[in-house]
Amino acid sequence: QKEVEQDPGPLSVPEGAIVSLNCTYSNSAFQYFMWYRQYSRKGPELLMYTYSSGNKEDGRFTAQVDKSSKYISLFIRDSQPSDSATYLCATSSNFGNEKLTFGTGTRLTIIP
Amino acid sequence: DAGVIQSPRHEVTEMGQEVTLRCKPISGHDYLFWYRQTMMRGLELLIYFNNNVPIDDSGMPEDRFSAKMPNASFSTLKIQPSEPRDSAVYFCASSYGPNTEAFFGQGTRLTVV
């Protein structure tokens, strides 16, 4: 079993819809949770990170962590075509780039 | 700053050949990371450097893989001999510190035939 599982999609939704992207993880020691966005033919870029459980909001994006069920989510409100990308979740027990365990990514397409 | 620069963007080589991937980190960044990305396994850390010194190479899959960082502005990842299962996108990333955001290059898409 992989330490971080992520549905690869692809996921297609109409513009303006709310998008929900999810990951599950198996290591209860994970405390830091990140979401990366990767456009086609580009490297990943950090979108958001959260520590422990709870929600974090940044504009149209909300990251949610439920440590009891080992489930992490990224919600995108009022989705735009520019949100079309692959979204990678990542977790670690320490906030260090060398410790990150990545999911395989979910490919998202927003249809105008 | 132009960001992390990787070359080449694409590489097609025959099995058994030596492949060298290159990376120029962002100036002033003390940490450099090499990742490999595949559909099946996602993004995996291969090795990382701090101040040009390799710190952890436990992610390097085999002895066929080697990485060097001769100075603060240049790193290479070498595969010798290459095999078809090495086909993947290889990313280089750099960060100012261990706990600061890592910035990724655009990657090198390697195809070994």
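Described in the following lines is the structure provided in the data block. All values reported here derive from a predicted model rather than from experimental measurement. Throughout, a residue's number is its position along its own chain's written sequence, starting from 1. The naming scheme follows written order: chains are lettered A onward, ligands numbered 1 onward. For this predicted model, a pLDDT threshold of at least 70 governs which residues receive local features, and a threshold of 80 or more governs which side-chain atom pairs are given and counted, while totals over whole chains, interfaces and linings are taken from all residues. To obtain the side-chain values, all non-hydrogen atoms of the structure were used and water was disregarded.

In this description a helix means any DSSP run of H or I spanning at least four residues, a strand means any run of E spanning at least two, and both kinds are numbered starting from the N terminus. Along the backbone of chain B there are zero helices and 11 strands. Since a compact globule built from 113 residues should have a radius of gyration of about 13 Å, the 13 Å found for chain B is in line with a globular shape. Dimensions of chain B, computed from the C-alpha atoms along their principal axes, are close to 35 × 25 × 25 Å. Counting over 113 residues, chain B shows a buried share of 47%. Here chain B has roughly 5,600 Å² of accessible surface; of this, 50% comes from carbon and sulfur atoms. Charge assignment: positive for Lys and Arg, negative for Asp and Glu; neither His nor the chain ends contribute. Charged side chains are reduced to one point each, which is NZ for Lys, CZ for Arg, CG for Asp and CD for Glu. In chain B, 10 side chains carry a positive charge and 13 a negative one; their mean positions are 4 Å apart. Atoms considered for the radius of gyration are the C-alpha atoms alone. The globule rule reads 2.2 Å times the number of residues to the power 0.38. With a 1.4 Å probe rolled over the protein chains alone, any residue whose accessible area is under 20% of its type maximum counts as buried; one over 50% counts as exposed, and the rest are partly exposed. Where accessible areas are quoted, they stem from the Shrake-Rupley method and a 1.4 Å probe; at the residue level, only the protein chains shown are allowed to cover.

Side chains carrying opposite charge are able to pair once their charged atoms draw close together. Within this document, salt bridges are pairs made up of a side-chain nitrogen of Lys or Arg and a carboxyl oxygen of Asp or Glu, the two lying within 4 Å of each other. One pass over the structure, following the stated rule, counts 11 salt bridges over all chains. Note that A:E45 and A:R37 form a salt bridge whose closest N and O atoms lie 3.2 Å from each other. Residue classification places A:R37 among the buried positions, given a relative accessible area of 16%. Taking the shortest distance from any N to any O, the salt bridge between B:R85 and B:E62 comes out at 2.8 Å. Placement of the pair is B:R85 in the loop between β8 (74–79) and β9 (88–95) and B:E62 in the loop between β6 (53–56) and β7 (65–71), with a sequence separation of 23 residues.

Ring pairs shown here join Phe, Tyr and Trp side chains whose ring centres sit within 6.5 Å, with only the six-membered ring taken for Trp; geometry is labelled stacked below 30 degrees between planes, edge-to-face above 60, and tilted in between. Tallied over the full model, the rule gives 12 aromatic pairs over all chains. Considering the side-chain rings of A:Y25 and A:F30, the 6.0 Å spacing of their centres and the 55 degrees angle between planes classify their relative orientation as tilted. You'll find A:Y25 and A:F30 in the same group, each marked buried. Taking 6.2 Å as the distance between ring centres and 80 degrees as the angle between the ring planes, the aromatic pair formed by B:F91 and B:F104 counts as edge-to-face. Taken as a pair, B:F91 in strand β9 and B:F104 in strand β10 (residues 103–104) lie far apart in primary sequence, 13 residues in all. Each member of the pair, B:F91 together with B:F104, is buried.

Right, let's talk about empty space enclosed by the protein for a bit. Residues are said to line a cavity or pocket when one of their atoms sits within 4 Å of a point; the points come from a 1 Å grid over protein atoms alone, cavities being sets where a 1.4 Å probe fits but cannot get out and pockets being open sets with protein on both sides within 12 Å along at least five of seven lines. Grid points are joined across faces, edges and corners, and a volume is the space filled by probe spheres set on the points. Counting across every chain of the model gives one cavity of 30 Å³ or more. Space inside the largest cavity adds up to approximately 50 Å³. Taken together, A:M34, A:Y36, A:L46, A:F95, A:G96, A:N97, A:L100, B:P98, B:N99, B:T100 and B:E101 make up the full set of residues lining the largest cavity. Residue composition of the lining of the largest cavity, grouped by class: six nonpolar, four polar and one charged. Note on residue classes: Ala, Val, Leu, Ile, Met, Phe, Trp, Tyr, Cys and Pro are nonpolar, Asp, Glu, Lys and Arg are charged, and everything else, Gly too, is polar.

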